[in-house]
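Summary of the model geometry
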Amino acid sequence: MLIKAILEVLHPNILIFTLLGVVVGAVIGALPGLTATMGVALLTPLTFWLSPSQGMAVLLGIYNSAIWAGGISAILINVPGTPASIAQTFDGYKMTQHGQTGLALGINTIYSVIGGLFSTLVLILVAFPIARFALKFGPPEYFVLVMFGLSMMISVSGKEITKGLIAGIIGLMIITIGLDPMFATPRFTFGNVNLLSGVSFIPIMVGMFGIGEVLTQIFDKMVVKKVVANIKEIKRIFPTFKEFKITALPSLIAAVISVIIGAIPGVGGDIAGIVCWQQAKQMSKHPEEYGNGSVEALAVTSLANNGVIGGAMTTMMTLGIPGDSVTAVLLGSLMMYGMQPGPLLFTTHANFVYNVMALMIVGNLLILVLGLLATRKSALLLNMKQEIIWIIIILFCILGSYALNNSLFDVMLMFMAGILGFIFKKMDIPIGPFILALVLGPLAESNFRRSLALSRGSYLIFVSSPISVILLILTAMALFPEPIKRLIKGKKLEAKT
Amino acid sequence: MINADIIFSVVCLAFSIFWIIMSLSLPRGTSGVPGPGYFPILLSIILIVLSSRLIYSGVKSKRIYFNFKEKNKANLITTITTPILIILFLIIWPHVPYLLACFLLLLSLGFLYKINLKTNIISSLVLTALTYFLFNNIFHTMLNL
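Values in this document were obtained by computation on a predicted structure and should not be read as measured data.

Calculation criteria
Residues numbered from 1 in each chain as written. Chains lettered and ligands numbered in written order. Predicted model: local features only at pLDDT ≥ 70, side-chain atom pairs only at ≥ 80, totals over all residues. Helix = DSSP H or I, 4+ residues; strand = E, 2+ residues; numbered from the N terminus. Rg over C-alpha atoms; globule rule 2.2 N^0.38 Å. Buried ≥ 20, exposed ≤ 12 C-beta atoms within 10 Å, placed from the backbone. Contact = placed C-beta atoms within 7 Å. Nonpolar A, V, L, I, M, F, W, Y, C, P; charged D, E, K, R; others polar. Axes fitted to C-alpha atoms, helices over the stretch in contact; angles between N-to-C directions. Parallel < 35°, antiparallel > 145°, perpendicular 65-115°, else oblique. Left-handed = near helix turned anticlockwise from the far one by under 90°. Domains from an automatic or database assignment. pLDDT = per-residue confidence, 0-100. Expected span 1.5 Å × (residues − 1). Bend = angle between axes of the 7 residues up to and from the residue. Core = buried A, V, L, I, M, F, W, Y, C linked by C-beta atoms within 7 Å.

For the rest of this paragraph, the subject is the overall build of chain B. Scanning chain B from N- to C-terminus turns up five helices and zero strands. Compactness check: chain B gives a C-alpha radius of gyration of 23 Å against a globular reference of 15 Å for 145 residues, more than 25% above the reference. Buried positions account for 28% of the 145 residues belonging to chain B. In chain B, 54% of the contacts between residues at least 6 apart in sequence involve partners at least 24 apart.

What follows concerns the interface of chain B and chain A. Taken together, the 44 residues of chain B in the interface contact 42 residues of chain A. Sort the elements by how many residues they give to the side of chain B that touches chain A and helix H2 (residues 38-61) of chain B lands first, with ten residues. In the side of chain B that touches chain A, the residues fall into 30 nonpolar, 13 polar and one charged.

To continue, consider the packing of helix H1 (residues 4-24) of chain B against H2 of chain B. Each pair of packed helices can be summarised by the angle the axes make with each other and by the distance between the axes. All names here are of chain B. Between H1 and H2, the shortest axis-to-axis distance is 8 Å and the interhelical angle comes to 160 degrees. With respect to each other, H1 and H2 are oriented roughly antiparallel. You can see that H1 and H2 cross each other, and the crossing is left-handed. Within the contact between the two elements, H1 uses Asp 5, Ile 6, Ser 9, Cys 12, Leu 13, Ser 16, Trp 19, Ile 20 and Ser 23 and H2 uses Pro 40, Ile 41, Ser 44, Leu 47, Ile 48, Ser 51, Leu 54, Ile 55, Ser 57, Gly 58 and Val 59.

This next bit is on the domain arrangement of chain B. As a measure of interface size, the accessible area lost when the parts come together is often cited. Considered domain by domain, chain B is made up of domain 1 (4-61) and domain 2 (73-138). Measuring from the centre of the C-alpha atoms in domain 1 of chain B to the corresponding centre in domain 2 of chain B gives 39 Å.

Once that is clear, we can look at unusual backbone geometry. For residues besides glycine, phi is generally negative; the peptide bonds are generally trans as well. Residues and elements named next belong to chain A. For Phe 188, which is not glycine, the phi dihedral falls at a positive 50 degrees. Residue position: Phe 188 is located in the loop between strand E2 (186-187) and helix H9 (201-220). In the Ramachandran plot, Arg 456 falls in the positive-phi region, its phi being about 55 degrees despite a non-glycine side chain. Inspection of the secondary structure assignment puts Arg 456 in the loop between helix H19 (431-454) and helix H20 (466-479). The exposed category is assigned to Arg 456, around which 10 C-beta atoms lie within 10 Å.

Attention now goes to the confidence of the model for chain A. Summing up the model confidence of chain A, the mean pLDDT is 86 and the portion of residues at 70 or higher is 93%. Mean pLDDT values for the elements of chain A range from 68 in helix H21 (residues 481-496) of chain A up to 93 in helix H18 (residues 408-426) of chain A.

Residue and element names in this part refer to chain A. For helix H10 (residues 241-263), with 23 residues, the first-to-last C-alpha span of 32 Å sits near the 33 Å given by 1.5 Å per residue. Taken as a whole, H10 carries its principal kink of about 45 degrees at Ala 248; the proline Pro 250 stands between one and four residues after it. Here H10 has its buried residues at Thr 247, Pro 250, Ser 251, Ala 254, Ala 255, Ile 257, Ser 258, Val 259, Ile 261, Gly 262 and Ala 263. Buried residues along H10 sit against helix H6 (101-134), helix H11 (269-283) and helix H12 (295-319).

On to the nonpolar core. By size, the foremost hydrophobic cluster in this structure holds 195 residues, and its most contacted members are Val 40, Tyr 63, Ile 166, Met 205, Ile 394 and Ile 435 of chain A. The dominant element in this core, judged by the number of residues it contributes, is helix H4 (residues 52-77) of chain A, at 16 residues. For this core, the domains that each give at least three residues are domain 1 (4-61) and domain 2 (73-138) of chain B. If near-sequence neighbours (up to four positions away) are discounted, Met 205 of chain A is found in contact with Ala 41, Val 329, Gly 332 and Ile 435 of chain A.

Right, let's talk about the confidence of the model for chain B for a bit. The pLDDT averaged across chain B works out to 88; a share of 94% of its residues lies at or above 70. Scoring the predicted complex yields pTM 0.82 and, for the interface, ipTM 0.91.

Right under this line is the structure:
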C-alpha cells in the first residue's frame, strides 16, 4: 500500500505541489519572523481548490521544509528562522565564525532529512495500531482526550497557565456560535446569516498568524540582521565519514527522543532541540565543544527539530489531537478538505493516510536535493526586505480569506482575528490553545453532551473507564503541576514520619 | 500606564456575562440531555473564574505590555495606520476594480513602511498584477465585487 502511495505521489500531478511546498517552506523558514505555522495557515485557503492529496503535498512540503530552513538563518546570522531552530544557533553560528559555513549548512540539511525520515518511519509503524486502539474510544473518552490535548498545549505554550486557559475557553466559546450540533437551534447568531454555519476557523487562523504577526513585528520594529556570512567562503558541504561515525549514536538517541517529544501534544521542535542538545552533551566525550561549534551538537539539533514532525503527525492523524501548533493548523486544513482526523480516518480514507506518509518521505527527499544543491544560494534569501514581506503577508491574508467563499465577511473575520492575535502576542497569551479550541471545540461539545445524554446527566461517566481516568489525571497534572507536586511531596513526608 | 491584564480580564468578564444572558434564552434540555445553552453557560462560568484570577494577578504584578513611552512614536503610528489602511481598502474594494484598490493599498503600505518610491511603485504594480492573475485566473476568485 505504501509503495503504491509513493508511486502515486511521485506522479507529476502531485510531485509539482510537493516541490512548490518545499520551495515556499524554504523561503518562509529561512526568513526570521516567519514561522511554519504562519506558512501553513497562509497557504491553506489557497489549497482549497486542490484535491486533498495535492493540498497536503503543499502543506506538508511547507511544514517539513520550513523547519529545516529555519536552521539556515540560525547558522548564518545567529537568528533562528523558526522557533524550532533555537538550539541550532548554539553551534551553527559558531561554525560560521570558524569558517565552516558550508559544512554547517550541509549538516543542517542532511540531519534534518534523517530526522524527518526517521520520524516518518515511526509514523508508518505505529499509526495504524494506535488508530485501531483509539477505535475503542466512546464519547466520554473522546471528550477527555480533547481536554487532555488542550491542557497539554496550554501548559507548555505560555508562562502563565491562566492566560492559556482563558485563550482556550474563549476559543471554545466562539465555536458555540452557529447552529447547535444536537438540536440545530441558532445560537449567538444575532440574525446574521453568515454566522448560521458557525465561525470559520480558517480566516481566524490566517488573521492570527498572519496579520497578528505582522503587527507585532511592526510594533516591536523587528529588524533582521543582514547576512554577514560571505557566501564565497562556503567550501565543504558534506561531513566526512569520521564525522558521520561520531554523530551516529547521539543522532539515533536524538531521533527517538524527538519523535516521543513530538507526539506529546503542545510540545514542538524548540523543546526537542534543546532537550536533545543537553542529552547529547551529557553523553559526549567532548562536552566542552558543545556551544563552540561542535559538529556533533549541530547534527543532533538539526535532526531533533525535524524529528518531531512524525511524532506530531502521529497523534494528529490517529487521535485528532495535534502535537504542535503547525499540526493544529494542519488539522483544520484536513477538516476543510472534508476529512476528520482520528481513528476513523484510517478506515474510511486509508489510501489518503498512506499518501500522507508517502508525501512525508518524498518531501524530505526533495529537501535533501534542494538543500544540497542550493546551499550556496540560501544566504541570498536573507537579503529580502522585511517591509516587502509584511506587505505580501497582508495581501495574502486578505485574498486567502476572501477566496474561501468569495465573502468579505471572512475578510472582516480574518482582520478582527489579526487584531486579537496582536493583542494576544503582546500580552503573552498563547495563540495555540485558542486555535486548538476552535478546531477541536465542536468535537469537544458534541462528545460532552452525548456523554451526558448517555448517562442521563451524570458526570460520573467521565470517570467510568480506565482510559478516561488516566487522561483526566494527566490533564490535571498538566494544568496544575505545582499543587500536585506539593501533594506528592507532602505524602512522602507523611510516610517518612 | 495601562494595566492590560485588568482591561483584558474586565472585557472577558463582560463577554462571559453577556454569553450567559444570551444562553439563558435558549431552550432547555430534556431528561439529562443538556440543551443548547448548557455548554456556553459552563464555559462562561469558567471564564468568569479565570478572569477574576487574572484581575487579581494583574493588580499584584502590574506588568506593562504596551509601554508607549519607551516605544518609538513612528512604530506606534505605523502599527495603528496599518489596520486603518486595511479597513479603508475593505471599504473601497466593493466600489472600485480590484486592480485599483489593491494597487492603492500596496502603494500606501509601502509609503508607510518607507520603501523607496521607485521600488514601491514597481513592487505594488507587480504584486497587484500577480495576485490578480493568480486568484482571478487560476483560483477563479471573484475579485471584482
